[in-house]
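One-letter residues, chain by chain:
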Amino acid sequence: MSDYIVRAYAEGGMVRAFAATTGELAEEARRIHSTSPIVTAALGRLMTAGLMMGAMMKDRKDLLTIKVDGDGPMRGMLVTANNGGEVKGYPYEPAVILPANRLGKLDVAGAVGRGTMTVISDLGLKEPYVGQVELVSGEIAEDIAYYYASSEQVPSGVGLGVLINQDNTVRCAGGFIVQLMPGCPEETITALEDRLKTVGSVTSFFKEGKTPEDILAWIFEGMELKLTDRLPCRFHCDCSRERVERALLSLGSKELKSMADEKKPAELHCQFCGKSYYFSPEELAAFAREAR
């Protein structure tokens, strides 16, 4: 099943919902960063959340960044997404290995630890909107729900999951976000709360061959549900030599001249996709003359 997001609303617009399948892009991130299973699960969950949160934005140029900083061995991770179904991300420490948690599952919370989640929404305004919350579990889904409740006052139900094969590749991944709009009737709130309590593992749906549409149909059983669109999604890094050159110029003339004087080529590495860019001493000297 190719990766995609479904956007929907229910009960006449009183509830909005998103669901996604993201196994291919989670596997792509695993391959790029050579992540251990526990890091694959953590990063896959955050990228899935980022994709659905990005799909809530209005303009293709809008950019969402989610930064998790924790005191666990993974230390954190960073994900960016737009509203066009494109996401990229990287972990701070890709090779963390921990024993299973008390439920016999990957201990994502232990890998992340205690810390903060920062959400930056760049909507093309003078200053981006920045919201930060304490991590309430480190399991990512609960932390996203807490962010929406505390920073944006939007009650939300969030489910995220990544299932790993025996060979450490990604078998399936995905998730959902359900949000209550102002004025949502109390009976609808109660019905959804009761339903979400019985969801269990998100990956169990995908193991059974269910689609994002099936997940939303299950959550909203007995309610009016309207699917609005389906958006393909993928791991995509927009780095380029031109972007890297601009980053080099921002170092300033003095720093660039010092690099050029070493008479060695400079290698700059993209943390998101792993691509390397090389610049000769002559190019560095030219940048030094151009920079301020």
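Before going into details, it helps to say that this report is about the structure given with it.

What counts, and where the lines are drawn
- Residues numbered from 1 in each chain as written.
- Predicted model: local features only at pLDDT ≥ 70, side-chain atom pairs only at ≥ 80, totals over all residues.
- Heavy atoms only, no water.
- Pairing = 2+ DSSP bridges.
- Helix = DSSP H or I, 4+ residues; strand = E, 2+ residues; numbered from the N terminus.
- Axes fitted to C-alpha atoms, helices over the stretch in contact; angles between N-to-C directions.
- Buried < 20%, exposed > 50% of the residue type's maximum accessible area, 1.4 Å probe, protein only.
- Arc of directions from axis to C-beta.
- Contact = heavy atoms within 4.5 Å.
- Salt bridge = Lys/Arg side-chain N within 4 Å of Asp/Glu carboxyl O.
- Parallel < 35°, antiparallel > 145°, perpendicular 65-115°, else oblique.
- Left-handed = near helix turned anticlockwise from the far one by under 90°.
- Nonpolar A, V, L, I, M, F, W, Y, C, P; charged D, E, K, R; others polar.

Moving on: the sheet that holds strand β8 (residues 156-164). Where strands meet in a sheet, backbone hydrogen bonds hold them as pairs that are either parallel or antiparallel. Read from one edge to the other, the open sheet built from five strands follows the order β8-β9-β2-β1-β10, with strand pairing classed as antiparallel. Both outer strands of the open sheet, β8 and β10 (225-232), are each paired with one neighbouring strand and no more. Ignoring strand direction, the axes of neighbouring strands in this sheet form an average angle of 10 degrees. Both strand β2 (residues 15-21) and strand β9 (residues 170-180) contribute to a ladder of seven bridges, which runs antiparallel. Residue pairing for β9: A19 is matched across the bridge by F176.

Attention shifts here to helix α10 (residues 281-290). Those residues of α10 lying buried are P281, L284, F287 and A288. Each buried residue of α10 sits inside an arc of 115 degrees when the element is viewed along its axis, so together they form one side. When the buried face of α10 is taken as reference, the exposed residues oriented beyond 90 degrees from it are E282, R289 and E290. Looking at the buried side of α10, the elements it contacts are α8 (241-249), α9 (253-261), β12 (266-269) and β13 (276-279).

Before going further, it helps to examine helix α4 (residues 141-151). All of the buried residues in α4 are A141, D143, I144, A145, Y147, Y148 and S151. Turning to α4, the residues buried within the fold contact α2 (37-54), β3 (63-70), β6 (115-122), β7 (129-134), β8 and β9. Following α4 by one or two positions, Q153 has its phi on the positive side, about 55 degrees.

Next up on the list: the pattern of salt bridges. Summed over the entire model, instances satisfying the criterion amount to 16 salt bridges. In this structure, a network of salt bridges that share partners links the residues K88, D238 and R243.

The next point concerns the packing of α9 against α10. Their axes nearest at 8 Å, the elements α9 and α10 cross at an angle of 160 degrees. Relative to α10, the element α9 lies roughly antiparallel. In this structure, the crossing between α9 and α10 has a hand that is left-handed. On α10, the residues that touch S253, L256, K257, M259 and A260 of α9 are P281, L284, A285, F287 and A288. The class makeup of the residues in the contact of α9 with α10 is eight nonpolar, one polar and one charged.

Relative to β6, β3 is paired through eight bridges, and the arrangement is antiparallel. Bridge pairing in β6 links L63 to D122. With six bridges joining them, β3 and strand β4 (residues 76-81) adopt antiparallel strand pairing. Within the sheet, the bridge partner assigned to L64 lies in β4 and is A81. The antiparallel pairing of β3 with β4 creates a hairpin that spans five residues between the two strands, and R75 there sits at a positive phi of about 70 degrees.

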